[in-house]
Amino acid sequence: MDFNYLDFYRHDFKRSDIFKALSSVSPVSLGRLQRDYEKEGFGVTDSLWQLRRRTTAEYFSKVYRAQTEALTYSKKVFPTYKFIMPDALADDWLSTVDWHKKYPTRDHSLHQTLTAYIVAKLLGNGESKYSLMLPNGKRLLDYCVEVMLQGRRMEYFRNYAMSIGTDFENLGVKMKEMWAKDVFYEAAIISTLFHDMGYPWQYVNKLAKSVEVAEYSETMTMVSNAHAAKNAMRNRLLIYPFYGYSEVNIKHASSTYDKEVETLIDRALKESHGLPGALGFMCLNDKIRNYRQIPSLQESSYRLILDYASMGIMMHDMEGLYWDNKAKEMPKHSMLRLSFDVDPLSSLISMADILEDFQRPSAKFERIGGGDVGLEYNFPCEETRIRIRNGVLHIIYRYKSNALAGENRKRRKTEVKEYFESRNGYVDLTSLGIKDTVCEVIW
């Protein structure tokens with residue numbers, strides 16, 4: 001499979017209309033937030049206009065398309081995104097023109113939507129026959145659905161789904177597969193479109209300051225206090241990774257284990273953007289949604305989708321805590337390791353996040369006379385390709401020149417190894433039949 005901007009431009013995400021999330025949104029709560037936020041006087045239209053003034057027409061058109069895609073999708077799944085988007089655009093522009101020691105670019109306005117496009121393509125846009133063919137002879141989407149419904153290591157997920165009223169077990173075999181396919185696909189697209197919303201956390205922090213609803217102070221407490229965060233997550237899907245995706249570990253955890261979990265949550269709040277983003281996504285949705293005690297299958301399924309999306313947002317950025325050492329020879333917190341037969345959604349998002357390196361802009365400054373500074377937007381990587389041969393996954397990054405490929409070769413190969421090395425990489429691909437991963441950087 002090849003991933004590039006032209007292909008994205010021609011590609012339309014499938015949007016599932018099976019589950020009607022809007023029916024569970026409280027118009028009163030959303031309207032109150034809308035009125036409070038409008039007092040700030042700076043909305044989506046203003047932010048896009050300000051961005052247009054500061055960028056080239058070509059770059060702006062790409063960001064505009066990407067953010068329009070996200071905003072359109074958010075109307076159903078994450079209505080409060082429109083309150084965050086202006087600050088997200090402003091901060092992303094600052095990140096793009098700023099300098100960074102480790103990475104040359106830190107764009108997310110394009111990156112999130114392009115990553116969602118990669119996920120959609122890997123999953124065949126929700127149709128199995130177009131999904132990635134695996135070495136184990138199955139299509140990726142079919143495999144993810146299979147482990148969701150039958151996988152021994154995903155029993156925690158099925159039990160959680162049933163606990164919130166998602167009575168999918170009463171469906172026939174074919175209907176159950178269709179249900180799981182829709183749930184997985186929609187959760188994958190949602191979580192990828194917003195996976196970097198906690199990077200940095202100011203996005204939602206700004207929202208909390210821009211509305212006068214007192215309830216928002218609870219949300220901010222959750223992202224600044226590990227104990228409060230743990231309590232908020234205690235009965236939600238988000239808590240499972242900290243206990244190794246094990247219900248037994250949760251139910252029979254010792255006080256020492258619980259304390260270690262709280263310490264890990266504290267570090268995740270301070271050192272990652274995944275957990276803050278996940279808590280923001282979960283809590284902001286909770287604030288505007290009405291969940292009935294005896295929900296319909298559609299309503300409870302969408303609650304399951306949003307909870308699963310929250311977990312994907314959190315886990316895509318746990319690689320640092322998983323290794324927790326500079327040498328990265330042996331992981332310190334092995335319970336956080338992702339695997340497609342345990343958490344296929346988070347594994348997929350983390351994989352796509354690494355694949356998406358193309359079109360990430362790098363600002364170039366130059367003196368143009370009279371003391372003025374000229375600003376040009378460019379991108380070093382043009383395309384990512386993946387090939388699977390004899391059980392080996394080949395990830396190929398194509399850069400614009402030999403010099404750019406040389407500058408990025410070591411970083412890309414190191415990153416791919418840290419994520420996908422078969423023994424200890426953050427994302428375990430072996431259940432897919434992939435025994436090794438090779439990174440190539442070309443031009």
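Rules used in this analysis
- Residues numbered from 1 in each chain as written.
- Predicted model: local features only at pLDDT ≥ 70, side-chain atom pairs only at ≥ 80, totals over all residues.
- Heavy atoms only, no water.
- Helix = DSSP H or I, 4+ residues; strand = E, 2+ residues; numbered from the N terminus.
- Buried < 20%, exposed > 50% of the residue type's maximum accessible area, 1.4 Å probe, protein only.
- Lys, Arg positive; Asp, Glu negative; His and termini not counted.
- Salt bridge = Lys/Arg side-chain N within 4 Å of Asp/Glu carboxyl O.
- Contact = heavy atoms within 4.5 Å.
- Axes fitted to C-alpha atoms, helices over the stretch in contact; angles between N-to-C directions.
- Parallel < 35°, antiparallel > 145°, perpendicular 65-115°, else oblique.
- Nonpolar A, V, L, I, M, F, W, Y, C, P; charged D, E, K, R; others polar.
- Pairing = 2+ DSSP bridges.
- Patch = residues over 30% accessible without salt bridge, like charges linked within 9 Å, V, L, I, M, F, W, Y side chains within 5 Å.
- Areas by Shrake-Rupley, 256 points an atom, 1.4 Å probe, with all protein chains shown as cover.

(A) Just the side chain of Asp-353, in detail. Relative to the assigned elements, Asp-353 resides in helix 18 (residues 344-355). One buried charge, Asp-353, has no salt-bridge partner; the nearest side chain with opposite charge is Arg-360, at 5.6 Å. For Asp-353, the residues in contact, after removing those within four places along its chain, are His-111, Thr-115, His-195 and His-316.

(B) Molecular detail of the packing of helix 14 (residues 255-271) against helix 15 (residues 274-288). Between helix 14 and helix 15, the shortest axis-to-axis distance is 6 Å and the interhelical angle comes to 95 degrees. In terms of their interaxial angle, helix 14 and helix 15 are classed as roughly perpendicular. Between helix 14, through Ile-265, Ala-268 and Leu-269, and helix 15, the contact on the second element is made entirely by Leu-275, Pro-276 and Leu-279. A class-by-class count of the residues in the contact of helix 14 with helix 15 yields six nonpolar, no polar and no charged.

(C) Here's a closer look at the sheet that holds strand 1 (residues 2-4). Read from one edge to the other, the open sheet built from four strands follows the order 1-5-6-8, with strand pairing classed as mixed. The open sheet is flanked by strand 1 and strand 8 (436-442), the only strands paired with a single partner. This sheet shows a mean twist of 15 degrees between the axes of neighbouring strands, independent of strand direction. Its contacts with the sheet place helix 18 against strand 1, strand 5 (381-389) and strand 6 (392-399), and it is angled at close to 35 degrees to strand 6.

(D) Molecular detail of a nonpolar patch on the surface. Together, Phe-365, Val-373 and Leu-375 make up a nonpolar patch on the protein surface, roughly 250 Å² of accessible area in all. Inspection of the secondary structure puts Phe-365 in strand 3 (residues 362-369).

(E) Spatial organisation of the pairing of strand 5. Across three bridges, strand 1 lies against strand 5 in antiparallel orientation. Bridging across to strand 5, Asp-2 finds its partner in Arg-385. Note that strand 5 and strand 6 share eight bridges and pair antiparallel. Note on strand 6: the bridge partner recorded for Thr-384 is Tyr-397. The hairpin turn running from strand 5 into strand 6, its antiparallel successor, is two residues long, and Asn-390 in that turn takes a positive phi close to 50 degrees.

(F) Expanded view of the pattern of salt bridges. For the structure shown, the criterion picks out 22 salt bridges. Where Lys-332 meets Asp-324, a salt bridge forms, and the shortest distance between an N and an O atom there is 3.6 Å. Residue Arg-398 pairs with Glu-382 through a salt bridge whose shortest N-O separation is 2.8 Å. Of this pair, Arg-398 sits in strand 6 while Glu-382 sits in strand 5; the two residues are 16 residues apart in sequence, bridging distant segments of the chain. What makes Arg-398 partly exposed here is its relative accessible area of 24%. Members of the salt-bridge network, linked through shared partners, are Arg-267, Glu-271, Asp-324 and Lys-332.

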